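# Architecture at a glance
The primary structure of each chain is shown beneath.
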Amino acid sequence: MKDLSKIMQQAQEMQAKMQEAQQKVEQIEAEGVAGAGLVKVRLKGKGEMIGLSIDPSLLEDEAEIIEDLVKAAHGDARKRLDEEMEKAMKEATAGFSGMMPGFKMPF
């Protein structure tokens, strides 16, 4: 029974760390750029766009070019955000990989 109580204690610790990691993930921000920095997009936590910057020199171009650059900047920001979130989750769950044989952490 000692093993079961130890596993339960570790599970509670892991749950607390996962909740802490989720709170941190919601605060992570990432910036994506396109067009050599002419378009910038900032995303937060779960993908919420919190900023968009378009260099005024682009406003003289066709709308299609601006749309493509915004999409590219958003994609870049999303990739960076995903990388930061994965890093935060790995840090939060470090040390729990051997908790239960065969158990895989959901990243």
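Everything discussed here concerns the structure shown above.
Quick caveat, the model's predicted, so the values are computed rather than measured. (Residues numbered from 1 in each chain as written. Predicted model: local features only at pLDDT ≥ 70, side-chain atom pairs only at ≥ 80, totals over all residues. Heavy atoms only, no water.)

So, about the pairing of strand S3 (residues 48-54). Each regular strand displays side chains that alternate between the two surfaces of the sheet. Sheet analysis places strand S2 (residues 39-44) next to S3, joined by six bridges and oriented antiparallel. Across the sheet, the residue bridging to Leu-43 is Met-49, located in S3. Counting the residues between successive antiparallel strands, the hairpin from S2 to S3 contains three residues, one of them, Gly-45, with a positive phi of roughly 40°. (Pairing = 2+ DSSP bridges. Helix = DSSP H or I, 4+ residues; strand = E, 2+ residues; numbered from the N terminus.)

Taking strand neighbours across the sheet as the criterion, the three strands line up as S1-S2-S3 in an open arrangement whose pairing is antiparallel. The sheet terminates laterally at strand S1 (29-34) and S3, the two strands that pair on one side only. The mean angle between the axes of side-by-side strands here comes to 15°, regardless of whether they run parallel or antiparallel. Pairing of S1 with S2, which is carried by six bridges, proceeds in the antiparallel orientation. Looking at the pairing, Ala-30 lines up with Leu-43 of S2. Sheet strands in contact with helix H2 (residues 63-92) are S1, S2 and S3, and its direction is about 145° off that of S1. (Axes fitted to C-alpha atoms, helices over the stretch in contact; angles between N-to-C directions. Contact = heavy atoms within 4.5 Å.)

Time to look at the pattern of salt bridges. Counted under the stated rule, the structure contains seven salt bridges. For the salt bridge of Glu-26 with Lys-46, the shortest nitrogen-to-oxygen distance reads 3.5 Å. With a gap of 20 residues between them, Glu-26 in helix H1 (residues 2-27) and Lys-46 in the loop between S2 and S3 connect regions that are remote in the sequence. Glu-26 gets classed as partly exposed once you look at its relative accessible area, which sits at 36%. In this structure, Asp-82 engages Arg-78 in a salt bridge whose closest nitrogen and oxygen atoms are separated by 3.1 Å. (Salt bridge = Lys/Arg side-chain N within 4 Å of Asp/Glu carboxyl O. Buried < 20%, exposed > 50% of the residue type's maximum accessible area, 1.4 Å probe, protein only.)

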